[in-house]
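Coordinates in review
What follows is the residue order along each chain.
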Amino acid sequence: MNESVEKAQFAWQPLTMRGVAAFAHASLGRLLGVQFIVALLAAGTVVWFLHKAWFPQISEAIRQLPVQGELQSGRLDWQGPSPSRLAEGRFLALIVDLDHSGEARSPAHMQVEIGRTDCMIFSLFGYVQRAYPRGWAVAFNRTELGPWWGAWAPAILAMAAGLVVVGLMMTWACLATIYFLPVWLVGFFANRDLSLGGSWRLAGAALMPGALFMCAVVVLYGCGALDLVRLALAGALHLVMAWVYLIISPLCLPPHPAVVVKANPFA
């Protein structure tokens, strides 16, 4: 097997340091193809998590809504008791508390609290509070929201998948543009066979192992094997993984042809 064939085979697996380094000598189309496959895998993971962890709670919350109610002119017309726990799971809780009295707190990882004029989202990292837009006119009852959610839930999952794929591809391109010069400097000072274009491709490939790692982490989190703190730590770790691959992978490339290595006369 010749050297070019060996490089082409290694350039299809962005898991090891040598596998990432091989993308420096691969074509741009091959890099984009492998990135697209990894992005599809990430999108599938996100869709699986939403379908498993969030969508059942949203469906249950809609079933618990009163027959009448709407959100109009920045104010919620609520016909039920307050506070009212619409749905609660391990990952998501949906609560109506018109005055944000705090009497319906949930141990869920994320709590959406719907108030009279605003909405609050609580999590381990704090909370955000946003007022309803004055121009909104949205039904807030099971009679209208039930059929709407049933029709649009698959489309929302599809849109989420598309956003993940497009977002990852664009993010990887931008980060590779930022990282390629430091990668080239590592290869330059280590006397490696690495061009500027190869540095960009290697930088783009070095971002994929972290994405694959996060796919596994999200699956573990969705199965209950990880809590929210460990999920956040894994998110920080996947950034460090990219930097490690960016530094070490160029060292796995062969020496530059212009470097003359003198033979040891005592060998």
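These lines cover the structure that appears in this document, whether it is placed above or below.

1. Here's the deal with the nonpolar core
Trp172, Leu202 and Met208 are the most contacted members of the largest nonpolar core, which totals 31 residues. When residues in this core are grouped by element, the largest group, 7 residues, is from helix H4 (residues 142-189). Every residue in contact with Trp172, bar those within four places of it in the chain, is listed here: Gln35, Val38, Ala39, Leu207, Met208 and Ala211. Ranked by size, the runner-up nonpolar core spans 24 residues in total, among them Phe55, Leu92, Val112 and Leu157.

2. A look at helix H5 (residues 196-206)
Counting buried positions along H5 yields 8 of 11 residues, so the element is predominantly enclosed. Within the sequence span of H5, burial applies to Gly198, Ser199, Arg201, Leu202, Ala203, Gly204, Ala205 and Ala206. On its buried face, H5 is in contact with helix H2 (17-21), helix H3 (28-63), H4, helix H6 (208-222) and helix H7 (228-248). Capping the start of H5 is the job of one residue whose side-chain oxygen sits 3.1 Å from the backbone nitrogen of Gly198: Ser195.

3. Concerning the packing of aromatic side chains
Counted by the stated rule, this structure contains 10 aromatic pairs. Ring centres 5.5 Å apart and planes at 80 degrees place the aromatic pair Phe49 and Phe91 in the edge-to-face group. Taken together, the residues Phe49 in helix H3 and Phe91 in the loop between strand S3 (84-88) and strand S4 (92-96) connect sequence positions 42 residues apart. One exposure class covers both Phe49 and Phe91, and it is buried. Aromatic ring contacts, followed pair by pair, group Phe49, Trp54, Phe91 and Tyr221 into a single cluster.

4. A look at the sheet that holds strand S1 (residues 69-72)
Pairing is antiparallel across the open sheet formed by 3 strands, whose spatial order is S2-S1-S8. The open sheet has two free edges, formed respectively by strand S2 (75-78) and strand S8 (137-139), since each of these has just one partner strand. On average, each strand axis in the sheet is tilted by 15 degrees relative to the strand beside it, whichever way the strands run. Across 4 bridges, S1 lies against S2 in antiparallel orientation. Within the sheet, the bridge partner assigned to Gln72 lies in S2 and is Arg75.

5. Let's talk about the sheet that holds strand S6 (residues 118-123)
Read across the open sheet, the 5 strands follow the order S3-S4-S5-S6-S7; overall the sheet is mixed. Looking at the sheet topology across the chains shown, the edges are occupied by S3 and strand S7 (126-131). On average, each strand axis in the sheet is inclined to that of its neighbour by 15 degrees, with strand direction left out of account. Two elements, S6 and S7, share 6 bridges in a ladder whose sense is antiparallel. Across the sheet, residue Cys119 finds its bridge partner in S7, namely Arg130.

6. Some thoughts on the side chain of Gln57
Structurally, the position occupied by Gln57 is in helix H3. Sequence-distant contacts of Gln57, defined by excluding residues within four places in its chain, comprise Ala87, Glu88, Gly89, Leu92 and Leu94.

7. Let's talk about unusual backbone geometry
Cis geometry is adopted by the peptide bond preceding Pro83, which originates at Ser82 and carries an omega value of 0 degrees. Looking at the element boundaries, Pro83 is found in the loop between S2 and S3. In this structure, Ser73 takes a positive phi of about 55 degrees despite not being glycine. Examined against the element boundaries, Ser73 turns out to sit in the loop between S1 and S2.

8. Re the pattern of salt bridges
Tallied over the entire structure, the rule returns 5 salt bridges. Among the salt bridges present, the one from Arg63 reaches Glu60, with a minimum N-O distance of 2.8 Å. You can see Arg63 and its partner Glu60 sitting in helix H3, 3 residues apart, about one turn around the helix. Arg63 sits in the exposed class, given a relative accessible area of 52%. Given the relative accessible area of 26%, Glu60 is considered partly exposed. Across the pair Arg85 and Glu88 runs a salt bridge whose closest N-O atoms are separated by 3.7 Å.

Each value, and the rule that gives it
- Residues numbered from 1 in each chain as written.
- Predicted model: local features only at pLDDT ≥ 70, side-chain atom pairs only at ≥ 80, totals over all residues.
- Heavy atoms only, no water.
- Core = buried A, V, L, I, M, F, W, Y, C linked by side-chain atoms within 4.5 Å.
- Buried < 20%, exposed > 50% of the residue type's maximum accessible area, 1.4 Å probe, protein only.
- Helix = DSSP H or I, 4+ residues; strand = E, 2+ residues; numbered from the N terminus.
- Contact = heavy atoms within 4.5 Å.
- Polar contact = N/O pair within 3.5 Å; in protein donor to acceptor, adjacent residues only side chain to side chain.
- Phe/Tyr/Trp six-rings, centres within 6.5 Å; stacked < 30°, edge-to-face > 60°.
- Pairing = 2+ DSSP bridges.
- Axes fitted to C-alpha atoms, helices over the stretch in contact; angles between N-to-C directions.
- Salt bridge = Lys/Arg side-chain N within 4 Å of Asp/Glu carboxyl O.

From the geometry alone we can't say anything about function, so treat these as descriptive.
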